[in-house]
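# A look at the structure
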Amino acid sequence: MSIILVLWGFLLISLMGIGGFFMFRKFLKSLPKEDGKSVLDWQEHYVDLTKDMWADEEKALLEELVSPVPELFRDVARQTIASKIGEVALDKKEEMITQDTLIEGYIVATPKRDHKFLRKKLKEKGIPVEPYEHLFQLSKSDYRDNWQESYKK
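Residues numbered from 1 in each chain as written. Predicted model: local features only at pLDDT ≥ 70, side-chain atom pairs only at ≥ 80, totals over all residues. Heavy atoms only, no water.

### Considerations on the packing of aromatic side chains
Keep this limit in mind: Aromatic pairs are defined between Phe, Tyr and Trp rings, using the six-membered ring for Trp, whenever the two ring centres lie within 6.5 Å; interplanar angles under 30 degrees are classed as stacked, those over 60 as edge-to-face, and all others as tilted. A run of H or I in DSSP becomes a helix once it reaches four residues, and a run of E becomes a strand once it reaches two; helices and strands are each numbered from the N terminus. Relative accessibility thresholds used throughout: buried, under 20% of the residue-type maximum; exposed, over 50%; partly exposed, between the two (1.4 Å probe, protein chains only). Two limits define a charge over a ring: the Lys NZ or Arg CZ must be within 6 Å of the ring centre, and within 35 degrees of the ring normal.
Throughout the structure, instances matching the rule amount to four aromatic pairs. Measuring from centroid to centroid gives 5.7 Å for F22 and F73, while their planes differ by 35°, and the two rings are tilted. Placement of the pair is F22 in helix α1 (residues 2–30) and F73 in helix α4 (residues 71–91), with a sequence separation of 51 residues. With a relative accessible area of 39%, F22 lands in the partly exposed category. Judged by its relative accessible area of 37%, F73 is partly exposed. Seen from the ring of W42, K37 lies directly overhead, with NZ or CZ sitting 4.6 Å from the centre. The side chain of R119 reaches across the aromatic face of F136, ending 4.0 Å from its centre.

### Looking at the nonpolar core
Counted only if it meets this: Nonpolar cores are built from buried Ala, Val, Leu, Ile, Met, Phe, Trp, Tyr and Cys residues. Side-chain atoms within 4.5 Å join them into one set.
L62, L102 and L118 are the most contacted members of the largest nonpolar core, which totals 24 residues. Among the elements that make up this core, the one with the highest residue count is helix α5 (residues 99–109) (six residues).

### Quick notes on the pattern of salt bridges
Applicable threshold: Whenever Lys or Arg places a side-chain nitrogen within 4 Å of a carboxyl oxygen from Asp or Glu, that contact is recorded as a salt bridge.
Applying the stated criterion across every chain yields a total of ten salt bridges. Between R78 and E63 there is a salt bridge, and its shortest N-O distance comes to 2.5 Å. Of this pair, R78 sits in helix α4 while E63 sits in helix α3 (residues 56–66), placing them 15 residues apart in sequence. Residue classification places R78 among the partly exposed positions, given a relative accessible area of 22%. Ionic pairing is found between K121 and E64, a salt bridge with its closest N-O pair at 3.4 Å. Here the residue K121 occupies a position in helix α6 (residues 115–125), and E64 occupies one in helix α3, the gap between them amounting to 57 residues. Residue classification places K121 among the buried positions, given a relative accessible area of 13%. Note on E64: relative accessible area 28%, which makes it partly exposed. When salt bridges that share partners are traced, they join E64, K121, E124 and K125 into one network.

### Comments concerning the packing of helix α2 (residues 39–50) against α4
For any two helices packed against each other, the geometry is given by the interaxial angle and the distance between the axes. Test applied: Lines fitted to C-alpha atoms define the axes here, with helix axes fitted over just the stretch in contact, and angles between the N-to-C directions of these axes take values from 0 to 180 degrees. Here is the rule for handedness: rotate from the far helix to the near one, and if that takes an anticlockwise turn smaller than a right angle the crossing is left-handed, while a clockwise turn gives right-handed. Contacts are residue-level and defined by heavy atoms, with any inter-residue pair within 4.5 Å sufficient. When residue character is reported, Ala, Val, Leu, Ile, Met, Phe, Trp, Tyr, Cys and Pro are called nonpolar, Asp, Glu, Lys and Arg charged, and the others, Gly included, polar.
Between α2 and α4, the shortest axis-to-axis distance is 8 Å and the interhelical angle comes to 65°. Crossing angle aside, the handedness with which α2 passes α4 is left-handed. Taken together, the residues of α4 that come into contact with α2 (itself represented by Q43, E44, Y46, V47, L49 and T50) are Q79, T80, A82, S83, G86, E87 and L90. Residues of the contact of α2 with α4, tallied by class, amount to five nonpolar, six polar and two charged.

All quantities given are derived from atomic positions and should not be read as evidence of function.
Now the structure itself:
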């Protein structure tokens, strides 16, 4: 009986630790940066600015690309990726989000481990990967904070 109590206690502490970790990450994203806006504020800003720029085909492709993300985290992943795609589109001064911009933004917004899935999906759809090879070569740690400079090279 005491072994069950110890295991139950360990399970509860582990689950609370995991939940706390994700809550702390969300808390850090909500803290304002030097410009007075948090990461979440900027994400919402880019999504709001570009929400009218999305065509149905691009929305469907984004949904397809975020499909492997567990359903619990899919909304957060979609918002994060869509905001980066919107940022790329605004930097390129585009009027509509194109498939090219969507793929570039997806690569910039996701960690390197997700690029394998993207390559597979692009191959299935018959979209060439070569134009994006320079973005695939960068790891997220190389361009997360200052990705614009690396992107322009």
